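# Residue-level structural notes
Read off the chains here:
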Amino acid sequence: MGDKEQTVTDETLNGYRQSIDNIDAALVFLLAERFKTTQAVGRYKAQAGLPPADPGREEAQIARLRGLAHDANLDPDFSEKFLRFIIDEVIRHHERVRG
């Protein structure tokens, strides 16, 4: 029981956790802004008669972000999985808007 009490009051750990909480909050706001913009793109594509997906753009973006991930010492496979998840959500929205 003593170890658990120490973990809760460990100032170093609490500092790390506060930083993680701030980063998570920033990620939520960044994702919200990204989806707000991609929803506008979906409405534009629907009005312009454009397809919901753009495989060439998606592949170029994934390649670009894999390179950025590598430069940032982040696992490129992880970054690709994360981006593909986001892209899939965007495409679903674009398909709904298109009707």
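Anything mentioned here points back to the structure above.
As the structure is a computational prediction, the values presented were derived from the model and not from experiment. (Residues numbered from 1 in each chain as written. Predicted model: local features only at pLDDT ≥ 70, side-chain atom pairs only at ≥ 80, totals over all residues. Heavy atoms only, no water.)

## Focus: a nonpolar patch on the surface
Worth spelling out the cut-off: Patch construction takes residues with relative accessible area above 30% that form no salt bridge. Like charges are linked within 9 Å, and nonpolar side chains (Val, Leu, Ile, Met, Phe, Trp, Tyr) are linked within 5 Å. What sets the accessible areas is the Shrake-Rupley method with a 1.4 Å probe; for residues, cover comes only from the shown protein chains. Criterion for a salt bridge: a side-chain nitrogen of Lys or Arg within 4 Å of a carboxyl oxygen of Asp or Glu. Using a 1.4 Å probe on the protein chains alone, a residue whose accessible area is under 20% of its type maximum counts as buried, one over 50% counts as exposed, and one in between counts as partly exposed.
Nonpolar side chains collect at one region of the surface, where Ile23, Leu27 and Leu30 lie side by side and expose about 290 Å² of accessible area between them. Using a relative accessible area of 48% as the deciding quantity, one classes Ile23 as partly exposed.

## A word on the side chain of Thr38
Formally: Under the DSSP-based scheme used, a helix requires at least four consecutive residues in state H or I and a strand at least two consecutive residues in state E, with every element numbered from the N terminus. By the convention used here, residues are in contact when the closest approach between their heavy atoms is within 4.5 Å.
Mapped onto the elements, Thr38 comes out in helix α2 (residues 11–48). With residues near it in sequence (within four places) discarded, Thr38 still touches Val90 and His94.

## So, the pattern of salt bridges
Applying the stated criterion across every chain yields a total of 6 salt bridges. Between Arg66 and Asp77 there is a salt bridge whose closest N-O contact spans 3.0 Å. Remark: Asp77 occurs in helix α4 (residues 76–98) and Arg66 occurs in helix α3 (residues 55–71); sequence separation between them is 11 residues. Exposure remark for Arg66: the relative accessible area of 27% places this residue in the partly exposed category. When its relative accessible area of 42% is taken as the criterion, Asp77 is described as partly exposed.

## Points about the layout of surface pockets
Put simply, the rule reads: Cavities and pockets were defined on a 1 Å grid built over protein atoms only: a cavity is a set of grid points that admits a 1.4 Å probe from which the probe cannot escape, a pocket is an open set flanked by protein on both sides within 12 Å along at least five of seven lines, and lining residues are those with an atom within 4 Å of any such point. Grid points are joined across faces, edges and corners, and a volume is the space filled by probe spheres set on the points. Each residue is assigned to one class: nonpolar for Ala, Val, Leu, Ile, Met, Phe, Trp, Tyr, Cys and Pro, charged for Asp, Glu, Lys and Arg, and polar for all the others, Gly among them.
The computed volume of the largest pocket comes to approximately 450 Å³. Along the wall of the largest pocket there are 15 residues; nearest its centre are Leu27, Leu65, Ser79, Phe82 and Ile86. The greatest single-element share of the lining of the largest pocket, amounting to 5 residues, is contributed by α4. Classifying every residue of the lining of the largest pocket by side-chain character gives 12 nonpolar, 2 polar and 1 charged. What the second largest pocket holds in volume is close to 300 Å³.

Such coordinate-based values are descriptive only and should not be taken to indicate function.
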